[in-house]
Amino acid sequence: MSVDKPVSIASIVLDPLCPSSLKRRKVSMPLHINTPLLESRALSLAAERPVLLKMDALQPAGSFKIRGVGAACEHHVARGKRRFISSSGGNAGLAVAYAGRKLSVPVTVYVPETTTEQAKALIRLEGAEVVVHGASWQEANELALQAMGEDAAFIHPFDDPLLWQGHATVIDEVVQAGAVFDAVILSVGGGGLLCGVAEGLARNGLGDVPIIAVETHGAASLSAALDAGELVQLPAITSIATSLGARKVSDHAFRISQNRPVESVVVDDRAAVGASLRFADDHRVVVEPACGAALTVAYSAPIYGPGYERLLVIVCGGATTSIDKLKDLAATLPHHR
Ligand SMILES: *Cc1c(COP(=O)(O)O)cnc(C)c1O
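Our subject in this report is the structure included herewith.

Criteria and cut-off values
Residue numbering note: each chain is counted from 1, following its sequence as written. Whole-chain, interface and lining totals are the exception, using all residues; otherwise, since this is a predicted model, local features are given only for residues with pLDDT of at least 70 and side-chain atom pairs are given and counted only at 80 or more. Water and hydrogen atoms were dropped before computing side-chain values, which therefore reflect all heavy atoms in the structure. The helix and strand labels rest on DSSP assignments: H or I over at least four residues marks a helix, E over at least two residues marks a strand, and numbering proceeds from the N terminus. Each radius of gyration reported is based on C-alpha atoms, and the globular scaling rule is 2.2 Å times the count of residues to the power 0.38. Think of it in three bands: residues with accessible area under 20% of the maximum for their type are buried, residues over 50% are exposed, and the middle band is partly exposed, with areas taken using a 1.4 Å probe on protein chains only. Contact definition: two residues touch when any of their heavy atoms are within 4.5 Å. Using a 1.4 Å probe, accessible areas were evaluated by the Shrake-Rupley method; residue-level cover was limited to the displayed protein chains. Counted as positive: Lys and Arg. Counted as negative: Asp and Glu, with His and the chain ends omitted from the count. A single reference atom marks each charge: NZ on Lys, CZ on Arg, CG on Asp, CD on Glu. Two strands qualify as a pair provided DSSP detects at least 2 bridges between them. In this analysis, axes come from line fits to C-alpha atoms, helices being fitted only over the stretch in contact, and the angle between any two N-to-C directions falls in the range 0 to 180 degrees. Any residue with a heavy atom lying within 4 Å of a molecule or strand is counted as near it. For the purposes of these results, a polar contact is taken to be a pair of N or O atoms within 3.5 Å, where, inside protein, one atom must be able to donate a hydrogen and its partner to accept one; residues adjacent in sequence count only when each atom of the pair is a side-chain atom. All the domain ranges listed were derived from an automatic or database domain assignment. Here roughly perpendicular refers to angles of 65 to 115 degrees, roughly parallel to angles under 35, roughly antiparallel to angles over 145, and oblique to all remaining angles. Left-handed describes a crossing whose near helix is turned anticlockwise from the far helix through less than a right angle; right-handed describes the clockwise counterpart. By the convention adopted, Pro, Cys, Tyr, Trp, Phe, Met, Ile, Leu, Val and Ala count as nonpolar, Lys, Arg, Asp and Glu as charged, and the other residues, Gly among them, as polar. Clockwise travel from the first strand over the helix to the second, with the strands pointing away from the viewer, marks a crossover as right-handed.

1. Let's talk about the overall build of the protein chain
Step number 1: When helices and strands are tallied, the protein chain shows 15 helices and ten strands.
Step number 2: Taken over C-alpha atoms, the radius of gyration comes to 21 Å for the protein chain, in line with the 20 Å a tight globule of 337 residues would show.
Step number 3: If one aligns the C-alpha atoms of the protein chain with their principal axes, the spans along those axes are about 75 × 50 × 40 Å.
Step number 4: Expressed as a percentage of its 337 residues, the buried residues of the protein chain come to 50%.
Step number 5: A separation of at least 24 residues holds for 71% of the contacts in the protein chain among residues at least 6 apart in sequence.
Step number 6: If you sum the accessible surface of the protein chain, you get close to 15,800 Å²; carbon and sulfur atoms cover 55% of it.
Step number 7: Here the protein chain carries 30 positive and 34 negative side-chain charges, and the mean point of each set is 6 Å from the other.

Below, the structure is given as structure tokens:
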């Protein structure tokens, strides 16, 4: 390449022979990033087999949620919506707040009184309005729905095909990177990530690769539904892994789990917190116990994962914790339940 005659960017954009180049073109760029794919030495030694990590803890807003939320928000903006509404005080609300800021769309997040100061502060940091209402999520959500209107889009935290299409990109990236794996380990709350990963595997010709779907005791709504053979509403969420705290999984998540290889595993809070702390030591990245749940299975793969030779872990992340909080939990959680 010759360097004496640099090509002026302006001359390309304003090429007089090509008047259409004068038009302002809107280049669509996804709101999520292509996250690193690592082979974890520490986890591979613990699991006694190769373990790949898809590091979605590094997404903007701190979790995989921006994949689906970003896709849904872009979809709604393209169809004329001018406000986003969320009723998640967790990583979903945070992702909507981030997407709104990036797309210059105002966001209101309705949260119950139980939402932590840290979560509210993180949402406000993205420029979104936080409305605190009611003792539980149900009341906050009702007020959110009343605030809807023609110009607004409600962004659900896990139950929307637009989200699943966006979450599926996590598998597209792993496949494009040429990774080889024969099981995917992920955490399950309401099942949005599960639906997205199942979609991603299917659209890459990997529909028969098993998904190990991990929940914590006290938030195990998928496990309960699979045991009962029908959707089950848990009476309450008693796990500290609040990002897994959907009392009922989506119908689609339940049906997927019955119709493709999905293995349900339930771990306890203490193990999930321990895995988050061990992961912070091993990889210098802090993740919520919600993500630690999936890591627990990877760290103890000799027990949980016989038959699977190469594991892919979706490191889903989570922004609402810290090393100090994890250490406090490790010190206070009971050893046996
Ligand atoms: C939302 C979330 C989950 C659970 O995802 P679902 O789509 O609700 O199953 C797990 N971990 C983290 C960190 C989350 O933010």
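2. Overview of the sheet that holds strand 3 (residues 83-86)
Step number 1: One open sheet holds the four strands; their spatial order is 5-4-3-6, and the pairing between them is parallel. At either end of the open sheet lies a strand with only one pairing partner, and these are strand 5 (129-132) and strand 6 (152-154). Across the sheet, the mean angle separating the axes of adjacent strands is 20 degrees when strand polarity is ignored.
Step number 2: With three bridges connecting them, strand 3 and strand 6 associate as parallel partners. What sits directly across from Arg83, in strand 6, is Ala152.
Step number 3: Contacts from helix 4 (residues 91-103) reach strand 3 and strand 4 (107-111), with the element oriented near 170 degrees to strand 3.
Step number 4: Relative to strand 4, helix 6 (residues 137-146) is tilted by about 150 degrees, and along the sheet it contacts strand 3, strand 4, strand 5 and strand 6.

3. Here we look at the site of the ligand
Step number 1: Residues in close proximity to the ligand total 16 residues, the closest being Lys65, Asn91, Gly189, Gly191 and Gly192.
Step number 2: Here Lys65 contributes a side-chain N or O atom positioned 2.7 Å from an oxygen atom of the ligand.
Step number 3: In this structure, an oxygen atom belonging to the ligand sits 2.9 Å away from a main-chain N or O atom of Gly190.
Step number 4: The two domains that each donate at least three residues to the shell around the ligand are domain 1 (37-63 + 162-332) and domain 2 (65-158).

4. Description of the sheet that holds strand 9 (residues 262-267)
Backbone hydrogen bonds are what pair the strands of a sheet, in a parallel or an antiparallel way.
Step number 1: Within the open sheet, the six strands sit side by side as 1-2-10-7-8-9. Their pairing is mixed. Each having just a single partner strand, strand 1 (37-39) and strand 9 make up the two edges of the open sheet. Each adjacent strand pair in this sheet contributes to an overall mean axis angle of 25 degrees, direction not counted.
Step number 2: In this structure, strand 1 lies alongside strand 2 (residues 51-54), joined through three bridges in antiparallel fashion. The residue bridging Glu39 from the neighbouring strand is Leu52, located in strand 2.
Step number 3: Contacts between helix 9 (residues 192-203) and the sheet are confined to strand 7 (183-187), strand 8 (211-216), strand 9 and strand 10 (311-314), with strand 7 contributing the most and set at about 160 degrees to the helix.

5. A word on the side chain of Ser276
Step number 1: Looking at where Ser276 falls in the secondary structure, it is placed in helix 12 (residues 269-283).
Step number 2: A polar contact is formed between the side chain of Ser276 and the backbone oxygen of Val287, at a distance of 3.1 Å.
Step number 3: Setting aside chain neighbours within four positions, we find Ser276 in contact with Val287, Glu288, Pro289, Gly292 and Leu326.

6. Brief notes about the packing of helix 12 against helix 15 (residues 323-332)
Step number 1: The interhelical angle for the contact between helix 12 and helix 15, taken along N-to-C directions, is 140 degrees, at an axis separation of 9 Å. The pairing of helix 12 with helix 15 is recorded here as oblique in orientation. In the packing of helix 12 onto helix 15, the handedness of the crossing is left-handed. Of the residues in helix 15, those touching helix 12 at Arg270, Val273, Ser276, Leu277 and Ala280 are Ile323, Leu326, Lys327, Leu329 and Ala330.
Step number 2: Residues that form the contact of helix 12 with helix 15 fall into these classes: seven nonpolar, one polar and two charged.

7. Re the pairing of strand 5
Side chains on a regular strand alternate between the two faces of the sheet.
Step number 1: Summarising the sheet, strand 4 and strand 5 pair through four bridges and their orientation is parallel. Its bridge partner lying in strand 5, Thr108 is registered against Glu129.
Step number 2: The β-α-β motif built from strand 4, the intervening helix 5 (residues 117-125) and the parallel element strand 5 has right-handed crossover chirality.

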